[in-house]
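# An overview of the molecular structure
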Amino acid sequence: MKLLRCFPYVSKQVVRHRVRSLLTVVGIAIAMFLFTAVQAMNRGVTEATSAKANDTTLVVYRADRYCPATSRLPQDYQSRIERVEGVTAAIPIKVVVSNCRASLDVVTFRGVPKDDFIDERRGELDVVAGSLDDWKRRTDAALVGETLANRRGLKPGQSFTAAGITAYVAAVLRSDDAQDQNVAYTSLEFVQLAGRDDLGVVTQFNVKVADAALLEPVAKQIDAIFDAAQEPTATFTEQAFIGRVADDIVELVGFARWLGLGCLAAVLALVANSIVLGVQSRVSEHAVLQTLGYPGPLIAALIVAEGVALALTGGLLGAAAAIAVGRYGSFAFSVEGTSIPIVADPALLLTGLLVCGVIGVLAGLVPALQASRREIAECFRAA
Amino acid sequence: MRQLPFAYAFRNLGRSKLRLGAALFGSTLVVLLVLAAGGFVRGMQLTLDRQQSLHDNVMILGVGSEEGVERSQIDASVAGIAAASIRGLKQRAGVVYASPEIHAALPLRLDADDPTDRPAVMRGVRPVALLVHPDVEILQGRFPRAGEDEIMLGSLAPTRLGVPETRLALGKTLRFDDRDWTIVGRFAAPNTVMDAEIWIPLTDLQIATNREATLSTVVVTLDDASFTDVDLFAKSRLDLEIAAIRESAYYASIAAFYGPIRVMIVVTAALIALGGVLGGLNTMYAAFAARVREVGMLQALGYTRAAIVASLTEESVFAAACGALLGAAIGLAFLNGLAVRFSMGAFAVTIDAPVLLLGVLGGLLVGLVGAIPPALRCLRLPITQALKAH
C-alpha cells in the first residue's frame, strides 16, 4: 500500500533524469524489439513443425528428394493411395517455387484439382477478397494466401508473374494453416502445363486419413506399395515433412535464440546501469528518506520499482513495435515450397512485459539492497 | 587554441577501472557484431558474384526457370546443338567450352544406417566443366569416373553436410540413391557457390534422378561470340524452350533473392550497435557529470571549452579504439573464414579490408557519439557554478 502511495515519487525519479531515462528506455526498447522478433520466429517454427493431436494429414513425396522441382511422382498414384485402408482423400499437388532456396519473399504456386480441393478444405478457408467462383471458372486463376497477398500487394483482378508463371488473382484467402497463408493455389493442369512435359506429373500427394492413430501405419503402407516403383515414395506427417525441408531455417532460428538471450542480457545491463547511476547520485536523498522514517525495505522497493518502470516502458515500446512490424510486414520464411511463418501474436506482448518486469526486479535488486542497508550518517558523509 | 596534453586524457582512463572495462567491452562487442554481420553479408555476396568465369559465361536454361536453375529442364541435346550452332564459343584442342549440367538438391546419408537426411547441392558434370569453371581446382584425388559410383566434394561440403572434415576424406563413402558413392576427389572453388557442392558424373546423376533425357543447364564460355549471339540462338530455337542468361546476371538475381535476409542481418546488427551506443552514452553522461568541478577548474586555468571537449572526446575515443582493435583482432582470429551453412549451400564469413574498416569505424563511432553530447552538457555551467559543484 505504502509502495503504491509512493508511485508519484518513482515516476518523478524516472522523469527527473530525462536523458538517462530516455537512453535507457530506448536501449531496452531496441533489445526487446529483437527479443520479441526472435520469439515470433521461434513460435512460427514450433507451430509449423510440432505435431498436434488432431493432425490427420500425410505428405507423400518422392523418396530421396528435397526441392519440389526434383520430386516428380506420377499423378496416377492417386487412385492406388486412395485404395489404402484408412485413407479418406488424396489430393495431388504440383508445387512450383520461384526459388528452392530459403528467403523471406518466395512465391509458391500449388496446383490442385479445384473441386477436390474445395470439397476437402470446406470450412477451413475464409475468402477475404474476390470470389471463389471466379477462381473455379478461370484456368489461370490463383487463390492467394493473405500473407503472400499483403507482402506482394496483390488484389483480386490483378495479374502477377513469378516462377515463370503468370496468374490472375481471383481471390485472397485466410486460413489458420501457415502453409495456406503464403501460397497461391491454382488449377493443377495450369501449373503442370507451365512446366515442361509435366502433365500427369505431381510433386506430392496430401493424404487425409480417418484417424490420427492411422498416420504411421498408412504412411508405411503407402511407401511399401511404391517401394519397387520407378518413383518410390517417402511419406511423412505434415509437420515432420516441414521440419525436414526447413532444416536450415530451424537452425537459423535456433541460432537466433542465442541472440534473444543476448538481448535479455542487454536489457539487464541497461536497467542495472541506469539504476546504479541513479542510486550513486541519490545517496543523500536516500539518507533524507531514512531520516524521515522510511524503512530500508521501502527504499529498496522504490529503487526496484524504478527499474521495473524503466524496463516495462522500454519493453512495451519494443515488443509492440516488433509485433506491429511482424503483423503488417507479413513476413514468412519459405524454403522448398513450405512456409515457416513469423507469428507476431499479441500474446508476445504479455511475454515481453513479464520478462521485462522480472529483469527490472533483478537489475534493481543489488543496488536497492545496498542502498537500503547503508547507515544514515555514512550516506550524509558520502554525499 | 591551447590543447590539453594527450597524457591528461590517457591518465584519466585509469581513474575508474570499472568504467574503462565497460567502455572496452562495449566497443569490442559492437565491433565484433559489425564484423560478424558484415562478414556474413560480404561472404554471401562474394560467393554470388566473384567467380572468375562469371563475366564470360552464359547459362542456357529452360524458359521460366531463370530464377532457379534447380527447376530448369532442357533437352539433353541442347549442349550439342548449342556447341555446333553458336560461333565464337571458347575452344581448346577442339573441345568447345559448353558444359551440360544438372543441378539438384538431394538428401545424402553417411551410410545405410544413418537416419539423417543431409541436404546437399549435387552438380552432374562432364570433365568439360573444369574448363568452363576455371575457379575449380582439384586439390586431392581426381575427377570422378562415370558408372563407378564416384563423387568429388568441394571444400565447404563438410559444413554443408554437417559432418567433420575427416569423415569426407578420399576413399570414404556417402550414401545416395540406395548406393554408396566413393569420394575420389576434393576440390576448392573459393568464394563461389561450387565450393559447397558435390560433383558427380553427369550420366550417373541423370540415372539417379531418372532424367536421362534432360539437363538443368548448359554453361558456355564466350570467346569471339557475344551474349547476344547466345541469346539469339535461344530465341530462335523455340522448339527447345530455352532462355539465355549471363552467369553473372543469374547469380546477381540469387543475391537479390537473399536481399531480405541480408537486410534482416544488417538491421539486427545495427540495432544492437545502437543499443551499445545508448548504453555508452548513459555511462559517459554519469562519468562526465561527476567531473563538472574538474572541468570548471580546467576552464579557470584558461583552457577553452573546445579544448576540453576535445580532451574528453579523446579519452572516450581512445578507450573505444582499444576496444575496436581488440574486437578486430578477435574477429579476424575467430570469425574470418568461418564456414556457415545456409540455404542449399555454404560460404565463408569474409572479413576483408572494407568489412574491417567498417567494424573499426563502428567502434570509434561508439566512442565519439558516446562522448560528445555528455561533454557538451557538462560544459553548460558557468565556471563559478561548476567550481562549486559536488
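Look up a bit, the structure's there.
Read on for an overview of the structure. Residue numbering note: each chain is counted from 1, following its sequence as written. Written order decides the labels, with chains lettered from A and ligands numbered from 1. Where local features are concerned, this predicted model is filtered to residues with pLDDT of at least 70; where side-chain atom pairs are given and counted, the filter is 80 or more; whole-chain, interface and lining totals use all residues. Remark: hydrogens and water are excluded; side-chain values derive from all non-hydrogen atoms of the structure.

## With respect to the overall build of chain A
Our working rule: Strands here mean DSSP runs of E at least two residues long; helices mean DSSP runs of H or I at least four residues long; both are numbered from the N terminus. Every radius of gyration here is taken over C-alpha atoms, with the globule rule written as 2.2 Å times N^0.38, N being the number of residues. Surface exposure here means Shrake-Rupley accessible area, sampled with a 1.4 Å probe, where a residue is shielded only by the protein chains that are shown. Here the positive residues are Lys and Arg and the negative ones are Asp and Glu; neither His nor the chain ends is included. The atom standing in for a charge is NZ when the residue is Lys, CZ when it is Arg, CG when it is Asp and CD when it is Glu.
Per the secondary structure count, chain A includes 16 helices and 14 strands. In terms of C-alpha radius of gyration, chain A reaches 28 Å, well past the compact-globule figure of 21 Å for 383 residues. Taken over the C-alpha atoms alone, chain A extends approximately 90 × 45 × 35 Å along its principal axes. Just so you have it, chain A exposes about 16,100 Å², and 59% of that area is on carbon and sulfur atoms. Across chain A, 36 positive and 38 negative side-chain charges occur, with their mean positions spaced 11 Å apart.

## Let's talk about the overall build of chain B
Rules: Only protein chains enter the calculation, and the probe is 1.4 Å; a residue is then buried if its accessible area is under 20% of its type maximum, exposed if over 50%, and partly exposed in between. Residue contacts are defined here by distance: any two heavy atoms, one from each residue, within 4.5 Å place the two residues in contact.
Helix and strand content of chain B: 13 helices and 16 strands. Against the globule reference of 21 Å for 390 residues, chain B gives a C-alpha radius of gyration of 29 Å, more extended than a compact globule. Dimensions of chain B, computed from C-alpha atoms along their principal axes, come out at roughly 90 × 50 × 35 Å. Per-residue burial over chain B gives 55% buried out of 390 residues. A separation threshold of at least 6 residues defines the contact pool for chain B, and within that pool the share at least 24 residues apart is 78%.

## Considerations on the packing of helix H2 (residues 17-49) of chain B against helix H9 (residues 259-289) of chain B
Residues and elements named next belong to chain B. Applied cut-off: Angles shown run from 0 to 180 degrees and are taken between the N-to-C directions of axes, each axis being a line fitted to C-alpha atoms and, for helices, limited to the stretch in contact. For classification purposes, angles smaller than 35 degrees are called roughly parallel, those larger than 145 roughly antiparallel, those between 65 and 115 roughly perpendicular, and all remaining angles oblique. The handedness criterion is simple: a crossing whose near helix is rotated anticlockwise from the far helix by less than a right angle is left-handed, and one whose near helix is rotated clockwise is right-handed.
Two elements in contact, H2 and H9, have axes whose closest approach is 10 Å; the angle formed by their N-to-C orientations is 170 degrees. Considering the angle they form, H2 stands roughly antiparallel to H9. As for how H2 packs across H9, the hand of that crossing is left-handed. For the pair H2 and H9, the contacting residues are Arg19, Val30, Leu33, Ala37, Phe40, Val41, Met44 and Gln45 in the first and Arg262, Ile265, Val266, Ala269, Ile272, Ala273, Gly276, Thr283 and Ala287 in the second.

## Some thoughts on the interface of chain B and chain A
Selection rule: When two components associate, each loses some accessible surface as probed by a 1.4 Å sphere; the sum of these losses over both components is called the buried area. Throughout this description, the term salt bridge denotes a Lys or Arg side-chain nitrogen within 4 Å of a carboxyl oxygen of Asp or Glu. We define a polar contact as two N or O atoms separated by no more than 3.5 Å, with the added condition that, inside protein, one atom must be a possible hydrogen donor and the other a possible acceptor, whereas residues neighbouring each other in sequence contribute only through side-chain atom pairs. Gly is placed with the polar residues, together with every amino acid not listed as nonpolar (Ala, Val, Leu, Ile, Met, Phe, Trp, Tyr, Cys and Pro) or charged (Asp, Glu, Lys and Arg).
In this assembly, 45 residues from chain B lie in contact with 47 residues from chain A. When chain B packs against chain A, close to 4,000 Å² is buried across both sides, 58% of that on carbon and sulfur atoms. Area buried by chain B at its contact with chain A is led by Arg71, Phe257 and Asn282 of chain B, which between them contribute 16% of it. If you look at where chain B meets chain A, you find zero salt bridges. Counting across the chain B and chain A interface gives three residue pairs in polar contact (both at pLDDT 80 or more). For the side of chain B that touches chain A, the elements supplying multiple residues, two or more each, are strand S2 (74-75), strand S5 (98-108), helix H8 (247-257) and H9 of chain B. Broken down by element, the side of chain B that touches chain A gets its largest block of residues, 15 residues, from H9 of chain B. For the side of chain B that touches chain A, a count of residues per class yields 24 nonpolar, eleven polar and ten charged.

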